[in-house]
Amino acid sequence: MNICKVFQEIYKNKFELNELNIAEVGSRGKNMTCRYRITVQEEMQNVKFSYYDAAVYDAVYTLYKTNYSKFTLTDLLRVMSGDEKVRFYCTKSRIQKREQKLRDSLEKLRNTTIAIDYSEEVQMRNIQDEKGKPLETKRTKISGAGTGNSGRDQKG
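To start, this report covers the structure provided alongside it. For clarity, every value in this text was computed on a predicted model and none was experimentally measured.

Describing the environment of aspartate 104
Among the secondary structure elements, aspartate 104 is positioned in helix H4 (residues 97–110). Since its relative accessible area comes to 44%, aspartate 104 is described here as partly exposed. Sequence separation of aspartate 104 and aspartate 53 is 51 residues, and the distance between their C-alpha atoms is 9.4 Å.

The following block contains the structure:
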């Protein structure tokens, strides 16, 4: 499935909050659509997403799919950078700009629900699972949790 086109619409802010949105996902002359809905808390009604938010989401998803249900901001930074040695540096009395940017993005995503219905694409592309059976479409909801106080050295 090509959710890239859906995420392009999201980080380019080409969507209506709390409405059913439709993205064209077809290629090679195949007209296919993918439906999605983005919901946020009332105080976030003016939310805007960026490419950076998409990268943060992708890193969280990567950690989630590799069985890291709890992770630190440093874990997230390492996935995003591809560098196992990268870390945040402690400073007296203030948080680094890149750490704050990551915290802000994660908080925005934590308070956002994105539901994607890609059943039409699965059917038209005849997408199969690893056993050769037609891919079963199902609803999945991933909800966020707090990052704790520091996020530097505690899991959670």
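Re empty space enclosed by the protein
Taken as a whole and assessed by the stated rule, the structure comprises 1 cavity of 30 Å³ or more. When its volume is computed, the largest cavity comes out at roughly 50 Å³. Around the largest cavity, the lining residues are Phe7, Ile10, Tyr11, Phe49, Ser50, Asp53, Ala54, Tyr57, Leu109 and Ile114. Elements with a contribution of two residues or more to the lining of the largest cavity: helix H1 (4–11) and helix H2 (51–65). When its residues are assigned to classes, the lining of the largest cavity shows 8 nonpolar, 1 polar and 1 charged.

Let's talk about the sheet that holds strand S3 (residues 112–117)
As summarised here, the arrangement of the 3 strands in space is S1-S2-S3, forming an open sheet in which the pairing is antiparallel. Edge positions in the open sheet fall to strand S1 (21–24) and S3, since each of these has one partner strand only. Neighbouring strand axes in the sheet, compared pairwise and without regard to direction, differ in orientation by 30° on average. Across 6 bridges, the pairing between strand S2 (residues 33–40) and S3 is antiparallel. The partner of arginine 37 across the bridge, within S3, is alanine 115.

Remarks on the nonpolar core
Counting residues in hydrophobic clusters, the biggest one holds 30 residues, and the most contacted among them are Ile10, Phe15, Tyr36, Ile38, Phe49, Leu76 and Leu102. For this core, the element with the most residues is S2, which contributes 4 residues. Excluding its chain neighbours within four sequence positions, the residues that come into contact with leucine 102 are Tyr52, Val56, Leu73, Leu76, Leu77, Met80 and Phe88.

Observations concerning the packing of H2 against H4
Viewed as axis vectors pointing N to C, H2 and H4 meet at an angle of 75°, and their least axial separation amounts to 10 Å. As summarised for this structure, H2 and H4 are arranged roughly perpendicular, according to the angle between their axes. Of the residues in H4, those in contact with Tyr52, Asp53, Val56, Tyr57 and Val60 of H2 are Arg98, Lys101, Leu102, Ser105, Leu106, Lys108 and Leu109. Among the residues forming the contact of H2 with H4, the class breakdown is 7 nonpolar, 1 polar and 4 charged.

Some details on the pairing of S1
Side chains of S1 alternate between two faces, with Asn21 and Ala23 buried and Ile22 and Glu24 left unburied. Of the pairings in the sheet, the one linking S1 to S2 comprises 4 bridges and is antiparallel in character. Residue glutamate 24 lies in a different strand from S2, and its bridge partner there is threonine 33.

Focus: the packing of aromatic side chains
Evaluation of the coordinates by the stated rule reveals 4 aromatic pairs. Seen in terms of ring centroids, tyrosine 11 and tyrosine 51 are 5.0 Å apart; in terms of plane orientation they differ by 85°. Their pairing is edge-to-face. Here the residue tyrosine 11 occupies a position in helix H1, and tyrosine 51 occupies one in helix H2, the gap between them amounting to 40 residues. Taking the relative accessible area as the measure of exposure, tyrosine 11 reaches 22% and is therefore partly exposed. For tyrosine 51, a relative accessible area of 57% gives the class exposed. Between tyrosine 57 and tyrosine 61, the aromatic rings sit 6.4 Å apart at their centres with planes inclined by 15°, giving stacked as the arrangement. Note that tyrosine 57 and tyrosine 61 are positioned in helix H2 at a spacing of 4 residues, about one turn of the helix. Pairwise contacts between aromatic rings join Phe7, Tyr57 and Tyr61 into one cluster. Between lysine 101 and the ring centre of tyrosine 52, over which it is positioned, the NZ or CZ distance is 4.3 Å.

Cut-offs and rules
Residues numbered from 1 in each chain as written. Predicted model: local features only at pLDDT ≥ 70, side-chain atom pairs only at ≥ 80, totals over all residues. Heavy atoms only, no water. Helix = DSSP H or I, 4+ residues; strand = E, 2+ residues; numbered from the N terminus. Buried < 20%, exposed > 50% of the residue type's maximum accessible area, 1.4 Å probe, protein only. 1 Å grid on protein atoms, 1.4 Å probe; cavity = no way out; pocket = protein on both sides within 12 Å on 5 of 7 lines; lining within 4 Å. Points joined across faces, edges and corners; volume = space filled by probe spheres on them. Nonpolar A, V, L, I, M, F, W, Y, C, P; charged D, E, K, R; others polar. Pairing = 2+ DSSP bridges. Axes fitted to C-alpha atoms, helices over the stretch in contact; angles between N-to-C directions. Core = buried A, V, L, I, M, F, W, Y, C linked by side-chain atoms within 4.5 Å. Contact = heavy atoms within 4.5 Å. Parallel < 35°, antiparallel > 145°, perpendicular 65-115°, else oblique. Phe/Tyr/Trp six-rings, centres within 6.5 Å; stacked < 30°, edge-to-face > 60°. Lys NZ or Arg CZ within 6 Å of the ring centre and 35° of its normal.

Remember, this is a structural readout, not a statement about activity or role.
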